[in-house]
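Observations on chain architecture
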Amino acid sequence: ELTEVLEMSLSLVIASVPVALPMVMKVTLSIGAKEMSDEGGIVTHLTALEEIASMKVLCSDKTGTLTTAQMTVYYDDTAKAYNGYSREQVLEFASLASNEANKDDPIDSAVLRAYAKMKGTSNVDDAVDKRKSIYSLDKDGFIGFNPIVKRTCAAVTAKDGTKWFCSKGMVDVILKTNPEDEGKQWTVENYDAMSEEAHKADADLGVSGFKTLGVAVSKNNGPMKFAGILPIMDPPRHDTKETIRKIKDAQVAVKMITGDHHNIGKELARQIDLGTDIRTPDCLQPPGEARDLIVLKADGFAKVKPLDKHEVVQVLQDKGLVVGMTGDGVNDAPALAKAQIGIAVHGATDAAKSAGDIVLTKDGLSPIYTAIQISRRIFKRLKSYVIYRICITVQVVFFLAALAIFYDLRFKALYIILLALFHDLQIVTIAYDHQVAGAKPETPTVLGLLLTSYSMGVLMFVQTMVLLQYGHLFMSDEFDAAFRHSMGDSSAGTEMDKYLETTIFLQISNSSAILIFSARTVSFFFSTLPAWQLSFSTALGQVLINIWCLVAPTGLVDKLLPMDVLKVWIYDICWLLCLDLVKIFSSGLWEKYKPATIDRNPALQAKDRNSRRMANNLRPSYMLAQAGGGELG
């Protein structure tokens, strides 16, 4: 009849559609985001928590992430002065090209702190006020920092009427500006000789771990003269070395991407055990396999511009890698948006925060390592739910189909609705479950999930069919009588006997509820303890269902004998052990025969092949630099 067909169709739809999946995912990710916020990271896009579990490469900014960003500018003997200027004058020119109103800028702040120290004032504001009594800024005379031009400029007039134009920035840019940028253009006087001397000094300072600031000045609209180099020390954070080791142990490759000098990046990488294969943007062109291999095996990139960061992320993604990118400035926004996981570090600009998926509220890389651990635990919780849900679907759908095809019987649709309702409510607490983060990035594979889930689901279907067919051999007389009545010719095309139907309902309910304890582990269900929330919700739901079947207050179910309820529990627990064995076997089979590309991390493999060669070449390269060999290639 049409009503019977519709009822059967409704049962199949309810059994096969994972209604609670969106809710379980949202709750799990939300709780993970709350856990992340407690550890110093605000998640702005929940999907980022899924992506981090699969992250294979982390591209990290240097300043403020790997280093303290507490920069100190030196104007002692380590500073360099040229063209007749003193080191103190070089610092004063640099202070003129600094914006005292922008206290968030680490370079300007460091320059002004050094200037205040040189002037003997108690704070920066007093030093600036004293300076203003000597120099006045011309109208529209200050040109702020731009990530493209990489310099700041200021036009001032001294008390005696002398006009000065001062600029500070990267040594290369200060010596000779790039004609393609939009800033004021110049080439310093006596460029060839000055460039050679400045680059040698810059390289020597870089090998010693100093960041450098070039300063140039023009007097009374005369030619630009290179005034000197101010060394800046930005030491690594105390926890950077240990955090990078942990991230690498988690099988995530770490690459440093910085706009600083090549030698500075290489020295910092050496200090934090990142690896010293630091490249310059020249190697990013032209595109090709050779370029891609360089990007894969490099430990980092120095002297990069925003487009270079975007290019590095693009190459890694084209190799099938999930990429995380940290940044703090406007110039980092394109790369943050491009990466699957954009991470705006502590103190980032609004543009970087908007482009990022996670905003850190603590300094350093340690919150990122914490995010990796949290995300991998979330992945395992969601994987547990998927295995659980597919198993139940296979069990119930196969059972309903077999009941109709082989026995010509029907199962009450209301029972299927109740099963779905109770189990969906119970399983939400999987979001709190105790899981241990995996040792490598988690790569979701449909085939592997289906192999494990269907193996267990088919066994659960067999479990239910064995109770239906052979339960009368060990269950009560009431069950035996209900079985014989249901198998009689007069029952063909009707619902099962109510006692038998209630018993099967209880068996499916109990076996499905305790299935989560098997699905959440890779070993036997008793090998690890679940979260109390999960245990409580499962126990509460099954206590209510079992009491309902024992008391049967509404007549929707038949009243079961206590001994039958106990036997169903013993039966289901024994089968749970069998499910564990099948799960362990199917999971082991998948691990043995799954494609090698699933867990492969080309970035780590390329770096491993390169590490020995770099270790052998490291000491001679530094000796060459210290001997004045210039910039290391």
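Look above for the structure.
An account of the accompanying structure is given in this report. As the structure is a prediction and not an experimental result, all values here were calculated from the model. (Residues numbered from 1 in each chain as written. Predicted model: local features only at pLDDT ≥ 70, side-chain atom pairs only at ≥ 80, totals over all residues. Heavy atoms only, no water.)

1. Some points on the overall build of the protein chain
The helix and strand inventory of the protein chain stands at 22 helices and 15 strands. When contacts within the protein chain are restricted to residue pairs at least 6 apart in sequence, long-range pairs at least 24 apart make up 70% of them. Each charge class in the protein chain can be summarised by its mean position, and for the 66 positive and 72 negative side chains these summaries are 6 Å apart. (Helix = DSSP H or I, 4+ residues; strand = E, 2+ residues; numbered from the N terminus. Contact = heavy atoms within 4.5 Å. Lys, Arg positive; Asp, Glu negative; His and termini not counted. Charge placed at Lys NZ, Arg CZ, Asp CG, Glu CD.)

2. Quick word on the state of the cysteines
Where two cysteines share a covalent bond between their sulfur atoms, that bond is called a disulfide. Going through the model one piece at a time under the given rule, you end up with 0 disulfides. C578 provides the cysteine sulfur closest to C574, a residue in no disulfide bond, and the two sulfurs are 7.6 Å apart. The exposure class assigned to C574 is partly exposed, which follows from its relative accessible area of 43%. (Disulfide = S-S within 2.5 Å. Buried < 20%, exposed > 50% of the residue type's maximum accessible area, 1.4 Å probe, protein only.)

3. Overview of the packing of aromatic side chains
Under the counting rule described, the total for this entry stands at 15 aromatic pairs. Plain terms: the ring middles of F474 and Y571 are 5.9 Å apart, the flat faces sit at 25 degrees to each other, and that makes the pair stacked. Of this pair, F474 sits in the loop between α17 (446-470) and α18 (477-487) while Y571 is found in helix α21 (residues 562-593), placing the two residues 97 residues apart along the sequence. Judged by its relative accessible area of 34%, F474 is partly exposed. Given a relative accessible area of 11%, Y571 falls into the buried group. Each ring, one from F525 and one from F526, has its centre 5.3 Å from the other, and the planes form 80 degrees; the classification is edge-to-face. Since its relative accessible area comes to 22%, F525 is described here as partly exposed. Overall, the relative accessible area of 55% leaves F526 in the exposed class. We note K176 situated over the ring of Y191; from NZ or CZ to the ring centre the distance is 5.6 Å. (Phe/Tyr/Trp six-rings, centres within 6.5 Å; stacked < 30°, edge-to-face > 60°. Lys NZ or Arg CZ within 6 Å of the ring centre and 35° of its normal.)

4. Looking at the pairing of strand β6 (residues 151-158)
By the criterion of burial, β6 is predominantly enclosed, with 8 of the 8 residues buried. Here β6 shows two buried faces, one formed by R151, C153, A155 and T157 and the other by T152, A154, V156 and A158. Bridge analysis of strand β5 (residues 135-143) against β6 gives 5 bridges, and the strand direction is antiparallel. When the bridges of β6 are listed, I143 appears paired with C153. Here β6 runs beside strand β7 (residues 163-169); their pairing, made up of 7 bridges, is antiparallel. Bridge pairing in β7 places C153 opposite S167. (Pairing = 2+ DSSP bridges.)

5. Observations regarding the sheet that holds strand β2 (residues 57-60)
Spatially, 8 strands are ordered β1-β15-β14-β13-β2-β10-β12-β11 in an open sheet, and the strand pairing comes out mixed. Single-partner strands in this sheet number two, and they are β1 (41-43) and β11 (278-279). Contacting β2, β10 (253-257), β12 (300-301) and β13 (323-327), helix α12 (residues 306-318) crosses the sheet at an angle of about 165 degrees to β13. (Axes fitted to C-alpha atoms, helices over the stretch in contact; angles between N-to-C directions.)

6. A closer look at helix α4 (residues 87-96)
Because each turn of an α-helix spans 3.6 residues, side chains separated by three or four positions end up pointing in the same direction. Summarising burial for α4: 7 of the 10 residues are buried, a large majority. Every buried residue belonging to α4 is among V90, L91, E92, F93, A94, S95 and L96, and all of these are buried.

7. As for helix α1 (residues 2-16)
Here α1 contains 15 residues, and its C-alpha end-to-end distance of 21 Å stays within 8% of the 21 Å for a straight helix at 1.5 Å per residue. Looking at the buried residues of α1, the elements they touch are α15 (366-406) and α16 (413-427). (Expected span 1.5 Å × (residues − 1).)

8. A word on unusual backbone geometry
Trans peptide bonds make up most of the peptide bonds, and negative phi angles are found at most residues other than glycine. Backbone torsion omega between Q285 and P286 reads -5 degrees, so that peptide bond is classified as cis. Mapped onto the elements of the fold, P286 is located in the loop between β11 and α11 (289-297). At N190, a residue that is not glycine, the phi angle is positive and equals roughly 55 degrees. Tracing the sequence through the fold places N190 in the loop between α7 (171-175) and α8 (191-207). For N190, a relative accessible area of 53% puts it in the exposed group.

9. Some thoughts on the side chain of T240
With respect to the helices, strands and loops of the structure, T240 is situated in helix α9 (residues 240-249). Of the polar contacts made by the side chain of T240, one reaches the backbone oxygen of L66; its length is 2.9 Å. Leave out the neighbours within four places in its chain, and T240 touches T65, L66 and I272. (Polar contact = N/O pair within 3.5 Å; in protein donor to acceptor, adjacent residues only side chain to side chain.)

10. Digging into the environment of Y407
Summarising the element assignment, Y407 is placed in the loop between α15 and α16. With 83 residues separating them in the primary sequence, Y407 and S490 have C-alpha atoms 12 Å apart. Every residue in contact with Y407, bar those within four places of it in the chain, is listed here: A402, M465, L468, Q469 and M487.

11. Quick look at the nonpolar core
By size, the foremost hydrophobic cluster in this structure holds 62 residues, and its most contacted members are F399, F411, L468, I504 and F505. By size, the runner-up hydrophobic cluster in this structure holds 34 residues, among which are A33, L66, V252 and I374. (Core = buried A, V, L, I, M, F, W, Y, C linked by side-chain atoms within 4.5 Å.)

12. Side note on a nonpolar patch on the surface
On the surface, F398, V446, L450, Y454, V458 and V462 cluster together into a nonpolar patch covering about 480 Å² of accessible area. At 5 residues, the largest contribution of residues to the nonpolar patch is made by α17. Within the fold, Y454 resides in helix α17. Y454 sits in the partly exposed class, given a relative accessible area of 40%. (Patch = residues over 30% accessible without salt bridge, like charges linked within 9 Å, V, L, I, M, F, W, Y side chains within 5 Å. Areas by Shrake-Rupley, 256 points an atom, 1.4 Å probe, with all protein chains shown as cover. Salt bridge = Lys/Arg side-chain N within 4 Å of Asp/Glu carboxyl O.)

13. Overview of the packing of α9 against α15
Two numbers describe how α9 lies on α15: the axes approach to 9 Å, and their chain directions differ by 25 degrees. Taken together, the axes of α9 and α15 are roughly parallel relative to one another. The way α9 lies across α15 gives a crossing that is left-handed. For the pair α9 and α15, contact is made by T243, K246 and I247 and by S366, Y369 and I372, respectively. (Parallel < 35°, antiparallel > 145°, perpendicular 65-115°, else oblique. Left-handed = near helix turned anticlockwise from the far one by under 90°.)

14. Let's talk about the packing of helix α5 (residues 106-119) against helix α6 (residues 124-132)
Where α5 contacts α6, the axes come no closer than 8 Å and their chain directions differ by 75 degrees. What the angle tells us is that α5 and α6 run roughly perpendicular. Contact residues: L112, R113, Y115, A116 and K119 in α5; V124, A127, V128, K130 and R131 in α6. The residue inventory of the contact of α5 with α6, partitioned by class, reads 6 nonpolar, no polar and 4 charged. (Nonpolar A, V, L, I, M, F, W, Y, C, P; charged D, E, K, R; others polar.)

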